[in-house]
Amino acid sequence: MTERLVVIGGDAAGMTAAARARRRRSPDELEIVAFERGPYTSYSACGIPYFVGDLVTDIDALIARTPEEHRRNGIDVHTGHEVVAVDVDRRNVRVRDVTPGGGAERDEPFDQLVVATGAVPFRPDVPGIDADGIFGVQTLADGVAVRHAIDERAPKRAVIVGGGYIGLEMAEALVRRGLEVALIDRTEQPMAATLDPDMGALVAKALRAVGVTIHMGEPVEGFDSDGGAVRAVRTGRRTLPADVVVLGTGVRPDSRLAADAGIAIGETGGVATDARMETSVEGVWAAGDCVESVDRVTGHRVVIALGTHANKQGRVAGINATGGDVLFPGVIGTAAAKICAYEVARTGVTEHHAAEAGIDVVTATIEATSRAGYFPGAEPITVKILAERPGGRIVGAQIVGEEGAGKRIDTLATAIWNRMQVDEFASVDLSYAPPFSPVWDPVLVAARKAADLL
Ligand SMILES: Cc1cc2nc3c(=O)[nH]c(=O)nc-3n(C[C@H](O)[C@H](O)[C@H](O)COP(=O)(O)OP(=O)(O)OC[C@H]3O[C@@H](n4cnc5c(N)ncnc54)[C@H](O)[C@@H]3O)c2cc1C
């Protein structure tokens, strides 16, 4: 008898699960049906800042696989369809047609279910938040709306609320489009949740260097508008004129549907799964921004919304939902972002998170150059390593620099992943040639310094 796999959410986690399941089971063995409330499938939200910044000119370029392509691959995709309830006892989902003029609801049965509903952006609950010209950047439609506002209304001044990596990438996009850009955040440094303050200060310097005015430690208190359109952003200390506002105020897991169905939710607010990505209900799997993951350094449960995790978790869910047995091994939060010429990257724990987890660390920060000092284009790079005391296990790293700085974080991520110690890492046989690095790569110099301090 043909089994039925239903997927809720048509982006990174959901469609990776569906595609993986299709590779393992033929349509005769398994029917795969996916519901996506929006118009797109398998799109790259990560590309939105580059579409707004005009590095990518065609929104379709951000779509890895259209609904038609999925259908040709044997996945029955229904865009414009929202799952509004899950009945885990009867094993069916209630689906609503949310296309214009739609509204009809029906029940769809499943044997296996993958919940991949993503994340919900925070919108500050302050007066004026609904004014025209205030944009989130979560979906492709959001990206199109921001770009349209810039193309059509020729705004002059933009304010970005939120100094996380999405806020930073949007700052670059708007600088590229010739706007005067200000960034505000309630925390004291950009990327306060993911970088230590000393490295955040370097990001602040980079933002200023590309012409962004920053106001830190200033929560937004409201928005002023004129005729319905935003005109200014108010903090406790100032009123910043704005023709356009972009919110980069973070996200939380969209676990409401799962919670309403009685599926266990973790303390973090993400759907709780085991390492096979199975939820508390047998045959119901979850993956992506809606779930919580295990931090491999601290062992704590965390929610980190990254496409890298969503793709890997979707793959695991798709394999296991079709009888496989693979594990998702956890996360260390490796991420990189670019602000014009500057690159920022991080992995593992920050000093704050290490202290919270009771990990005693020694930190080593070094300044070097991205290429041999004499080679044209050599630019400053700062590398910080956190190593556990007394053993020397590398538990975190952060890098700020210019071209070639960011991707160096991957060597340190690999070291953390494999529980390497700083003295061991300091001798790793990394490549060297003057156009790429000094003879001692900056990451090795930082590890050597940490080993010396230990
Ligand atoms: C501007 C931006 C830049 C980013 N840059 C990076 C980056 O550089 N690197 C990185 O690793 N990550 C990045 N990310 C994060 C990355 O995009 C997400 O982690 C990833 O998309 C998560 O995939 P997902 O499938 O779990 O969720 P989503 O991509 O959010 O997909 C969930 C889908 O489910 C649909 N859905 C939700 N509920 C229902 C329902 N009830 N019924 C039907 N459909 C439903 C939604 O419409 C959505 O399409 C970025 C995100 C943004 C917004």
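Since we're looking at a predicted model, the values are computed, not measured. (Residues numbered from 1 in each chain as written. Predicted model: local features only at pLDDT ≥ 70, side-chain atom pairs only at ≥ 80, totals over all residues. Heavy atoms only, no water.)

1. Some remarks on helix α4 (residues 140-153)
Then, number 1: With 14 residues, α4 should cover 20 Å at 1.5 Å per step; its first-to-last C-alpha distance of 20 Å lies within 8% of that length.
Then, number 2: Phi turns positive one or two residues past the end of α4, at Ala154, with a value near 45 degrees. (Helix = DSSP H or I, 4+ residues; strand = E, 2+ residues; numbered from the N terminus. Expected span 1.5 Å × (residues − 1).)

2. A look at the sheet that holds strand β10 (residues 157-161)
Then, number 1: Ordered in space as β9-β16-β10-β11-β12, the five strands form an open sheet in which the pairing is parallel. Both outer strands of the open sheet, β9 (134-135) and β12 (213-216), are each paired with one neighbouring strand and no more. (Pairing = 2+ DSSP bridges.)

3. Examining the site of the ligand
Then, number 1: Residues in contact with the ligand amount to 30 residues; listed here are only the nearest, Asp11, Ala13, Glu36, Tyr43 and Asp289.
Then, number 2: Between the ligand and Ala12 there is a distance of 3.2 Å, counted from an oxygen atom to a backbone nitrogen or oxygen.
Then, number 3: Between the ligand and Glu36, the relevant distance is 2.7 Å, taken from an oxygen atom to a side-chain nitrogen or oxygen of the residue.
Then, number 4: Considered on its own, the ligand offers 1,000 Å² of accessible surface; in the complex 90% of this is hidden by protein.
Then, number 5: Elements with a contribution of two residues or more to the shell around the ligand: α1 (12-24), β2 (30-36), β4 (81-87), α5 (165-176) and α8 (307-320). (Near = heavy atom within 4 Å. Polar contact = N/O pair within 3.5 Å; in protein donor to acceptor, adjacent residues only side chain to side chain. Areas by Shrake-Rupley, 256 points an atom, 1.4 Å probe, with all protein chains shown as cover.)

4. Quick look at the sheet that holds strand β21 (residues 335-339)
Then, number 1: Spatial strand order, β21-β22-β25-β24-β23: five strands in an open sheet with antiparallel pairing. A strand with exactly one partner marks an edge of an open sheet, and here the two such strands are β21 and β23 (361-369). Recorded for the sheet is a direction-independent mean angle of 10 degrees between the axes of neighbouring strands.
Then, number 2: In this structure, strand β22 (residues 342-348) lies alongside strand β25 (residues 394-401), joined through six bridges in antiparallel fashion. When the bridges of β25 are listed, Ala345 appears paired with Ile399.
Then, number 3: Contacting β22, β24 (380-388) and β25, helix α10 (residues 409-417) crosses the sheet at an angle of about 175 degrees to β25.
Then, number 4: Here helix α12 (residues 442-453) sits on the sheet and contacts β23, β24 and β25; the angle it forms with β23, its principal contact strand, is near 145 degrees. (Axes fitted to C-alpha atoms, helices over the stretch in contact; angles between N-to-C directions. Contact = heavy atoms within 4.5 Å.)

5. Examining the pairing of β4
Then, number 1: When β4 meets strand β5 (residues 92-97), the two strands line up antiparallel, connected through six bridges. Residue pairing for β5: Ala85 is matched across the bridge by Arg94.
Then, number 2: Count of turn residues in the β4/β5 antiparallel hairpin: four residues, of which Arg91 carries a positive phi of about 55 degrees.

6. Some words on a nonpolar patch on the surface
Then, number 1: A contiguous nonpolar surface patch, about 490 Å² in accessible area, is contributed by Tyr374, Tyr432, Val439 and Trp440.
Then, number 2: You can see Tyr432 is positioned in the loop between α11 (422-425) and α12. (Patch = residues over 30% accessible without salt bridge, like charges linked within 9 Å, V, L, I, M, F, W, Y side chains within 5 Å. Salt bridge = Lys/Arg side-chain N within 4 Å of Asp/Glu carboxyl O.)

7. Digging into the nonpolar core
Then, number 1: By size, the foremost hydrophobic cluster in this structure holds 47 residues, and its most contacted members are Val86, Val93 and Leu113.
Then, number 2: Examining the composition of this core, we find that six residues originate from one element, α1, more than from any other.
Then, number 3: Setting aside chain neighbours within four positions, we find Val93 in contact with Val6, Ile8, Phe35, Val83, Ala85, Val86, Arg106, Asp107, Glu108, Phe110 and Leu113.
Then, number 4: Core analysis: the next-biggest nonpolar cluster, separate from the first, contains 38 residues, Phe51, Leu62, Phe135 and Ile160 among them. (Core = buried A, V, L, I, M, F, W, Y, C linked by side-chain atoms within 4.5 Å. Buried < 20%, exposed > 50% of the residue type's maximum accessible area, 1.4 Å probe, protein only.)

8. Here we look at the environment of Leu412
Then, number 1: Among the structural elements, Leu412 can be located in helix α10.
Then, number 2: A C-alpha to C-alpha distance of 20 Å links Leu412 and Pro197, two positions 215 residues apart in sequence.
Then, number 3: Look past the residues within four positions of Leu412 in its chain and what remains in contact with it is Thr347, Val383, Ile385, Ile394, Ala397, Ile399, Phe425 and Val443.

9. A few points about the side chain of Thr322
Then, number 1: Mapped onto the secondary structure, Thr322 falls in the loop between α8 and β21.
Then, number 2: Looking at Thr322, the relative accessible area reads 5%, which means it is buried.
Then, number 3: Of the polar contacts made by the side chain of Thr322, one reaches the side chain of Arg24; its length is 2.8 Å.
Then, number 4: Only 2.9 Å separates the side chain of Thr322 from the backbone oxygen of Ile319, close enough to count as a polar contact.
Then, number 5: Excluding anything up to four places from it in sequence, Thr322 contacts Ala21, Arg24, Arg25 and Leu30.

10. Thoughts on the packing of aromatic side chains
Then, number 1: Evaluated as defined, the whole model comprises one aromatic pair.
Then, number 2: Each ring, one from Tyr40 and one from Tyr43, has its centre 6.5 Å from the other, and the planes form 65 degrees; the classification is edge-to-face.
Then, number 3: Classification of Tyr40 as partly exposed rests on a relative accessible area of 23%.
Then, number 4: Between Arg147 and the ring centre of Phe51, over which it is positioned, the NZ or CZ distance is 4.8 Å.
Then, number 5: The ring of Trp440 has Arg448 sitting right over it, with the charged end atom 4.2 Å from the ring centre. (Phe/Tyr/Trp six-rings, centres within 6.5 Å; stacked < 30°, edge-to-face > 60°. Lys NZ or Arg CZ within 6 Å of the ring centre and 35° of its normal.)

The analysis is restricted to geometry; functional conclusions fall outside its scope.
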